[in-house]
Amino acid sequence: RLLADDVLVALGMARISVGKPALLDGLSSEERRVLEGVVGEPITAEAIAGRAELPINAALAVLMSLEVRGLVRATAGRYQRTSSAAEISEESPAG
């Protein structure tokens, strides 16, 4: 039986399950930029792409990665941070 964590490990996207300061460890610069664009009320992928200065297809790929990591969630076509990522400020250093 294949588990979700097995798939994440196979894709090199092992779930981050340590404290909040370590949530940014292992994120690419694009992932950090997209996460920084997800603030406040739920926001569309297009608006996030604009904030992160990425093409929409790249932003959608990054959003999917962040969703798999449990940092954002999509509802009705809009994205917002999960509670585990809610306290990461947009001033966090972008490696």
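Structure's up top.
This is a predicted model, so every value here is computed, not measured.

Reading the values: rules and limits
Residues numbered from 1 in each chain as written. Predicted model: local features only at pLDDT ≥ 70, side-chain atom pairs only at ≥ 80, totals over all residues. Heavy atoms only, no water. Helix = DSSP H or I, 4+ residues; strand = E, 2+ residues; numbered from the N terminus. Buried < 20%, exposed > 50% of the residue type's maximum accessible area, 1.4 Å probe, protein only. Contact = heavy atoms within 4.5 Å. Areas by Shrake-Rupley, 256 points an atom, 1.4 Å probe, with all protein chains shown as cover. Pairing = 2+ DSSP bridges. Axes fitted to C-alpha atoms, helices over the stretch in contact; angles between N-to-C directions. Arc of directions from axis to C-beta. Salt bridge = Lys/Arg side-chain N within 4 Å of Asp/Glu carboxyl O.

S.K.: Even after reading the chapter, I still don't get the overall build of the protein, so can you show me in this structure?
M.R.: The helix and strand tally for the protein stands at four helices and three strands. Mapped in sequence order, the helices and strands of the protein form the string α-α-β-α-α-β-β. Each of the 95 residues in the protein was classed as buried or not, and the buried ones make up 35%. In the protein, 52% of the contacts between residues at least 6 apart in sequence involve partners at least 24 apart. Approximately 5,700 Å² of the protein is accessible, and the part contributed by carbon and sulfur atoms is 54%.

S.K.: Whenever I open this one, the sheet that holds strand β2 (residues 72-75) confuses me. Can you help?
M.R.: The strands that make up a sheet pair up through hydrogen bonds in the backbone, lying either parallel or antiparallel. Judged by pairing direction, the sheet is antiparallel, and its three strands sit side by side in the order β1-β3-β2 without closing on themselves. Sheet topology places β1 (43-44) and β2 at the edges, where each strand pairs with a single neighbour. Where β1 meets strand β3 (residues 78-81), two bridges bridge the pair, whose relative direction is antiparallel. The residue of β3 that forms the bridge with T44 is R78. Helix-sheet contacts for helix α4 (residues 56-68) involve β2 and β3, and the interaxial angle to β2 is about 110°.

S.K.: Looking at this structure, I do not really get the pairing of β2. What am I missing?
M.R.: Side-chain direction in a regular strand flips from residue to residue, so the side chains alternate between the two faces of the sheet. Relative to β3, β2 runs antiparallel, the two sharing four bridges. Pairing of V72 across the sheet is with R81, part of β3. Taking the residues between adjacent antiparallel strands as the criterion, β2 and β3 are bridged by two residues, where A76 takes a positive phi near 55°.

S.K.: Would you mind showing me how to read helix α2 (residues 29-37) here?
M.R.: The periodicity of an α-helix, 3.6 residues per turn, causes residues three or four positions apart to be oriented the same way. When α2 is considered as a whole, its buried residues turn out to be E31, R32, V34, L35 and G37. Here the buried face of α2 lies against β1, α3 (45-52), α4, β2 and β3.

S.K.: It is not clear to me how α3 should be interpreted in this structure. Could you clarify?
M.R.: Those residues of α3 that fall on the buried side of the exposure criterion are A45, I48, A49 and A52. The buried residues of α3 occupy an angular sector of 100° when the element is viewed end-on, so they sit on one face. In α3, those exposed residues whose orientation departs by more than 90 degrees from the buried face are E46 and G50. Just beyond α3, the residue with positive phi is E53, at close to 55°.

S.K.: Teacher, can you tell me more about the pattern of salt bridges here?
M.R.: Side chains that differ in charge, positive against negative, can pair when their charged atoms come close. Taken as a whole and judged by the stated rule, the model has one salt bridge. The closest approach of N and O atoms between E31 and R69, which form a salt bridge, is 3.7 Å. Here the residue E31 occupies a position in helix α2, and R69 occupies one in the loop between α4 and β2, the gap between them amounting to 38 residues. Overall, E31 belongs to the buried group, its relative accessible area being 8%.

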